[in-house]
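Coordinate inspection notes
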Amino acid sequence: MVNYGLTAEEVQKSRAENGSNGLTEQAREGFWAKFASNLKDPMMIILLVALIINVIFTILGKTEWYESVGIAAAILIATLVSTFSEYKNENAFQKLQEEAAQITCKVWRDGEIIEVSINEIVTGDAVVLQAGDKVPADGSLLSGSIKVEQSALNGEPAEVAKYPLTPEQMKGEFDTDTHNDNSVFRGSVVASGNAVMHVRLVGDKTMIGGIAKEVQEDDGRQTPLQVKLSGLAKGISKFGYIGGGLIAVALLFQRIFIDNGFNGAEISAYFTDFGNFFKDFLDAVMLAVIIIVMAVPEGLPLMISIVSSLNMGKMLKDNVLVRKISGIETAGSLNLLFSDKTGTITKGHLEVVLFSDGLGLESPSFTEIPQPMRSKLGLCINENTDSVVSGGKIIGGNLTERAVLAFTQGVETIGAKKLAAIPFNSDNKYSASFIETADFKGTVIKGAPERLLPRCKHFFGSKGEKLPIDDNWIINKKIDELADRAIRVLAFAISNDPITDNEHGEPVIPEKNWTFVGIVGIRDEVRPESVTAMKEVMDAGVQVVMITGDRKETAVAIAKDAGLVTQPTDVVWTSDEFNQLDDETVKQNLPNLRVIARALPHDKSRLVRIAQSINLVVGMTGDGVNDSPALKAADIGFAMGSGTEVAKEASEIIIMDDNFNSIDKAILYGRTIFNNIRKFIVFQLTINVSAVLISFIAPFIGFHEPLTITQILWINLIMDTLAAIAFGGEPALHRYMREKPKRRDEPILSKAMMSEIAVGGLLILTLAIVYLKVPFVTNIFAQNTNVLSGTHTVTQHLMTGFFGFFVFAAVFNAFNARTDRINLFENITLNKGFLRVIGLIVVIQAGLLYLGGAIFNCFGLTLPEWLVVLGFAIVIIPVDLLRKVLTRQKKYSK
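Cut-offs and rules
- Residues numbered from 1 in each chain as written.
- Predicted model: local features only at pLDDT ≥ 70, side-chain atom pairs only at ≥ 80, totals over all residues.
- Heavy atoms only, no water.
- Helix = DSSP H or I, 4+ residues; strand = E, 2+ residues; numbered from the N terminus.
- Areas by Shrake-Rupley, 256 points an atom, 1.4 Å probe, with all protein chains shown as cover.
- Phe/Tyr/Trp six-rings, centres within 6.5 Å; stacked < 30°, edge-to-face > 60°.
- Buried < 20%, exposed > 50% of the residue type's maximum accessible area, 1.4 Å probe, protein only.
- Arc of directions from axis to C-beta.
- Salt bridge = Lys/Arg side-chain N within 4 Å of Asp/Glu carboxyl O.
- Axes fitted to C-alpha atoms, helices over the stretch in contact; angles between N-to-C directions.
- Parallel < 35°, antiparallel > 145°, perpendicular 65-115°, else oblique.
- Left-handed = near helix turned anticlockwise from the far one by under 90°.
- Contact = heavy atoms within 4.5 Å.
- Core = buried A, V, L, I, M, F, W, Y, C linked by side-chain atoms within 4.5 Å.
- Patch = residues over 30% accessible without salt bridge, like charges linked within 9 Å, V, L, I, M, F, W, Y side chains within 5 Å.
- Lys, Arg positive; Asp, Glu negative; His and termini not counted.
- Charge placed at Lys NZ, Arg CZ, Asp CG, Glu CD.
- Pairing = 2+ DSSP bridges.
- Nonpolar A, V, L, I, M, F, W, Y, C, P; charged D, E, K, R; others polar.
- pLDDT = per-residue confidence, 0-100.

**Some remarks on the overall build of the protein chain**
What the protein chain contains, in helices and strands, is 33 helices and 28 strands. Roughly 38,500 Å² of accessible area belongs to the protein chain as shown, and the carbon and sulfur atoms make up 58% of that amount.

Here you go:
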């Protein structure tokens, strides 16, 4: 036996000089590092500024301490929820990576073969490679020969033969070209054969290590939602600053001019009392700050965190592992998805889909083939193969061999004695076995139709009889039809002649007078669920482009079966055709692009770059090391669960079952998050806008503070935090998949949302003015003032009712905001948490109206007063329903 490899001492020396075979892991953010990173969110920054201002005013004694606590709690809870969700899923991902890294290799050490972990491999090791093994490092073959599948590295699906170097050649530089006949690379898989590899490069120095290091670099690109929220944050800040400033001016104007009856002498006297003026000035500034804080929806980050974390859990049950919480958000904004074919759109493995006899009669399964044809085909398959069944699994042979043998599984085979064999080679393009059974002695042949058919003079009929082949034989047309359907064909024949050795000692068979048995069609079938999912994704306005290493004709046939190519205007390019075009031409044709055939790894990165240059939100699927740069460059990378560790590291979402259907679900969940965020924004900004408008108008109609500072802070607390929980549980609705994708730069506030906010805000303002100034309302409160307590004034009861009206109007508006449909209770049972939270707000607010006392300026209500309060508040529902009806009519009249 030949001994290879290193001694234990040489292993230690090599590891010290060349490093270990472990890949440098991407620096992982710890929990608190993630927490700090999430605090940099645009909305969080606004909240932090508001918190600092509040703390300063609390120290000065101008605001209550619990407002600062409330803002701090909103920041803390939102950040903790999002951080915990990301950290939990990242740990789940890390476990997956660790499991994937638990690969053992057979290696020569101290003159014998032992098994070691892949990370223990060192430069100079002699590694034993056998069929099914994953190559653990980059190196050259010392002995033997193998075929390897390198698609994970270069995207080329063909199996490549590798041969050993001579001792003299081994002294030269290592060739890092994957097409080199002697070099093998980490991440490739041995398809067949046996060999011993001399390790030349390990760890980060390998090809896979270099790519892994490249994709670990953070490009700092903002997600589409972050872009939209940044714009919203700027708009809210501007609204808050302007509104706060105007309200401060309005309050000072009221104190200086209106309260003094515009009398010059009294106004002069007012300014001489500097202490009084300074107090009013501080009151105005303090109110302005409160309004600015009120304008900021503190609950929005919390709501985003809640809805994201809830959906992350649901998605994991649907075989979608979200590594980064931003991945869900981005999935919902996809405009363009570049998808691999193999394993994502198709099943990812070859299978025999039909058998056709010489008369052109098809059978979809082996058991449906009539006798005696079934027995003849069974001999041709089971007695002429390199694959074997072991422990219920088919091993050995190439992909085609295994697929053909699987076609006959479950059927009892006839024991045959193999007398001689001709292995498959690229010259003959067929293999043959000379066999003997109880009732047959002859040669069974399997191979390419173009090599077998010319040697056949007869074919077997359906009853096993021999029939002559003529010029109009239907099987030639059948093969052409199958080729058009991207189905590969393998032919079978039988000869009565034996296999003998020629003068060179090589096994041969007379290549004439063979009898044709039939053909099988082999294909990587399209997943049925992928067809449905792809249609839903495309109906959602997401353009899907299939990227494959297949030839153009095969790619088109599969794309047609998948429903991807349907129109004459659909564009299909090969890699060569694509690379002959400049970027501008690609941009012009991109909307009609459906397939890239014979694709190379760099094609994916270029496609992502071009699509992003025209402001599209781009998704990319991939599983190989070669896909990693494109996965990283895309706005969202979908790595396959069966893919390489490097591809998973470069992605935001991992599709655990490699199924396009799971991508469809990821898009739906992403759109759910976006729609729920919009619902909450409508609800929250309607409250904020109306509060700012009321605070601005009130001084001019004789009310200093229709809502006290404490009441505003309370409204801010319950409507931000509790409402965030209510809207965060809104369900994923399939109708979201019928919406158009949102542009990257599209504002999060749509025209319809602004219309709803404006109508709701102005309505609450109008109702507030009517409530405060119309004598009818004042009279009702005057009649019932002494019912609860004789010590409270009419104004105090009136303002208690006003506080209740404002909160209950917001509660009723929550039902308006949660759906754009007329039926306000649509799908309400799918979010029972909404009803619970709204019920909790109502109970707390009702209790506060009686128990709030001087702190909240609340002194209870009588039944008639309750009817006024609720009557005013509920008006917002019919008015918004009318708005929805009119908006819908306007939409359909265009």
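**A few points about the packing of aromatic side chains**
Enumeration according to the criterion identifies 22 aromatic pairs in this entry. Residues Phe 174 and Phe 185 carry aromatic rings whose centres are separated by 5.8 Å and whose planes lie at 55° to one another, so their mutual orientation is tilted. In this pair, Phe 174 is assigned in the loop between helix 6 (167-170) and strand 6 (183-184) and Phe 185 in the loop between strand 6 and strand 7 (189-201), connecting sequence segments 11 residues apart. The residues Phe 174 and Phe 185 share a single accessibility class, namely buried. Ring geometry for Phe 683 versus Phe 727: centroids 5.3 Å apart, planes at 40°, classification tilted. With a gap of 44 residues between them, Phe 683 in helix 24 (residues 660-697) and Phe 727 in helix 25 (residues 709-728) connect regions that are remote in the sequence.

**Some thoughts on helix 27 (residues 775-783)**
Turn by turn, an α-helix covers 3.6 residues, leaving residues three or four places apart pointing in a common direction. By the burial criterion, the buried members of helix 27 are Val 777, Ile 780 and Phe 781. All buried residues of helix 27 lie within an arc of 95° about the axis, which places them on one face of the element. Projecting away from the buried face of helix 27 at angles above 90 degrees are the exposed residues Pro 775, Phe 776 and Gln 783.

**Here we look at the pattern of salt bridges**
Pairing between side chains of opposite charge can happen when their charged atoms approach one another. Enumeration according to the criterion identifies 28 salt bridges in this entry. For Glu 584, the salt bridge is made with Lys 587, and the minimal N-O distance between the two is 3.3 Å. Residue Glu 584 and its partner Lys 587 are both found in helix 20 (residues 583-589); the two are separated by three residues, about one turn of the helix. For Lys 587, a relative accessible area of 24% translates into the label partly exposed. Across the pair Lys 884 and Asp 880 runs a salt bridge whose closest N-O atoms are separated by 3.8 Å. In this pair, Lys 884 and Asp 880 are both assigned in helix 33 (residues 876-893), four residues apart and thus about one turn of the helix distant.

**What to know about the packing of helix 27 against helix 29 (residues 794-817)**
Helix packing for two helices is described by the angle between their axes and how far apart those axes are. Look at helix 27 against helix 29: their axes get within 9 Å of each other, and the N-to-C directions meet at 115°. It follows that helix 27 is roughly perpendicular to helix 29 by the angle criterion. As helix 27 runs across helix 29, the sense of the crossing is right-handed. Residue-level contacts link Val 777, Thr 778, Phe 781 and Ala 782 of helix 27 to Val 794, His 797, Leu 798 and Gly 801 of helix 29.

**Some words on the nonpolar core**
Core analysis: the largest hydrophobic core is formed by 120 residues, its most contacted members being Phe 638, Met 719, Tyr 771 and Phe 805. Per-element tally for this core: the top contributor is helix 24, with 18 residues. If we skip the residues at most four places from it in the chain, Phe 805 touches Ile 764, Leu 767, Ala 768, Val 869, Phe 872 and Ala 873.

**Observations concerning a negative patch on the surface**
A contiguous patch of negative charge on the surface is contributed by Glu 9, Glu 10, Asp 110 and Glu 112. Here Glu 10 is to be found in helix 1 (residues 8-18). Under the relative-accessibility criterion, Glu 10 is labelled partly exposed at 38%.

**Observations regarding the side chain of Lys 341**
Within the fold, Lys 341 resides in the loop between strand 9 (336-340) and strand 10 (351-356). Lys 341 sits in the buried class, given a relative accessible area of 5%. In contact with Lys 341, other than residues within four places in its own chain, are Thr 346, Asp 524, Met 546, Ile 547, Thr 548, Asp 550 and Ile 558.

**Structural notes on the sheet that holds strand 26 (residues 618-622)**
Read across the open sheet, the eight strands follow the order 8-28-27-26-9-23-25-24; overall the sheet is mixed. In the strand order of this sheet, the two ends are held by strand 8 (320-322) and strand 24 (571-574), each with one partner. On average, each strand axis in the sheet is tilted by 20° relative to the strand beside it, whichever way the strands run. Helix 18 (residues 552-561) rests against strand 23 (543-547), strand 24 and strand 25 (593-597) of the sheet, and its axis sits at about 140° to strand 25.

**Focus: the environment of Thr 515**
Within the secondary structure, Thr 515 sits in strand 22 (residues 514-523). Sequence separation of Thr 515 and Phe 459 is 56 residues, and the distance between their C-alpha atoms is 5.1 Å. Beyond its immediate sequence surroundings of up to four residues, Thr 515 is in contact with Cys 456, His 458, Phe 459, Phe 460, Lys 466, Ala 493 and Ile 494.

**Regarding the pairing of strand 1 (residues 104-109)**
For a regular strand, the rule is simple: side chains alternate between the two faces of the sheet. One ladder, built from six bridges, connects strand 1 with strand 2 (residues 112-117); its direction is antiparallel. Paired with Val 107 across the strands is Ile 114, a residue of strand 2. Sheet analysis places strand 1 next to strand 3 (residues 126-130), joined by three bridges and oriented antiparallel. Looking at strand 3, one finds that Lys 106 is bridged to Val 128.

**Focus: unusual backbone geometry**
With omega at 0°, the peptide bond leading from Gln 371 into Pro 372 counts as cis. One can find Pro 372 in the loop between strand 11 (362-363) and helix 13 (373-382). Of note in this structure, Asp 658 is not a glycine but carries a positive phi near 55°. Looking at the secondary structure, you find Asp 658 in the loop between strand 28 (653-655) and helix 24. For Asp 658, a relative accessible area of 12% puts it in the buried group. In this structure, Asn 827 is a non-glycine residue whose phi angle is positive, near 60°. Looking at the secondary structure, you find Asn 827 in the loop between helix 29 and helix 30 (832-851).

**Looking at helix 2 (residues 31-38)**
The set of residues buried in helix 2 consists of Lys 34, Phe 35 and Asn 38. Viewed end-on, helix 2 has its buried residues packed into an arc of 105°, placing them on one side of the element.

**Regarding the packing of helix 17 (residues 528-539) against helix 24**
Packing of helix 17 against helix 24 leaves a shortest axis separation of 8 Å and a crossing angle of 30°. Between helix 17 and helix 24, the angle falls in the class roughly parallel. As helix 17 runs across helix 24, the sense of the crossing is left-handed. Taken together, the residues of helix 24 that come into contact with helix 17 (itself represented by Glu 529, Ser 530, Ala 533, Met 534, Glu 536 and Val 537) are Phe 660, Asn 661, Asp 664 and Ile 667. Within the contact of helix 17 with helix 24, the residues separate by chemical class into five nonpolar, two polar and three charged.

**Considering the confidence of the model for the protein chain**
Confidence in the prediction for the protein chain averages 83 pLDDT; 87% of positions are at 70 or higher. Of all the helices and strands in the protein chain, helix 28 (residues 785-788) carries the lowest mean pLDDT, 51, while helix 20 carries the highest, 95.

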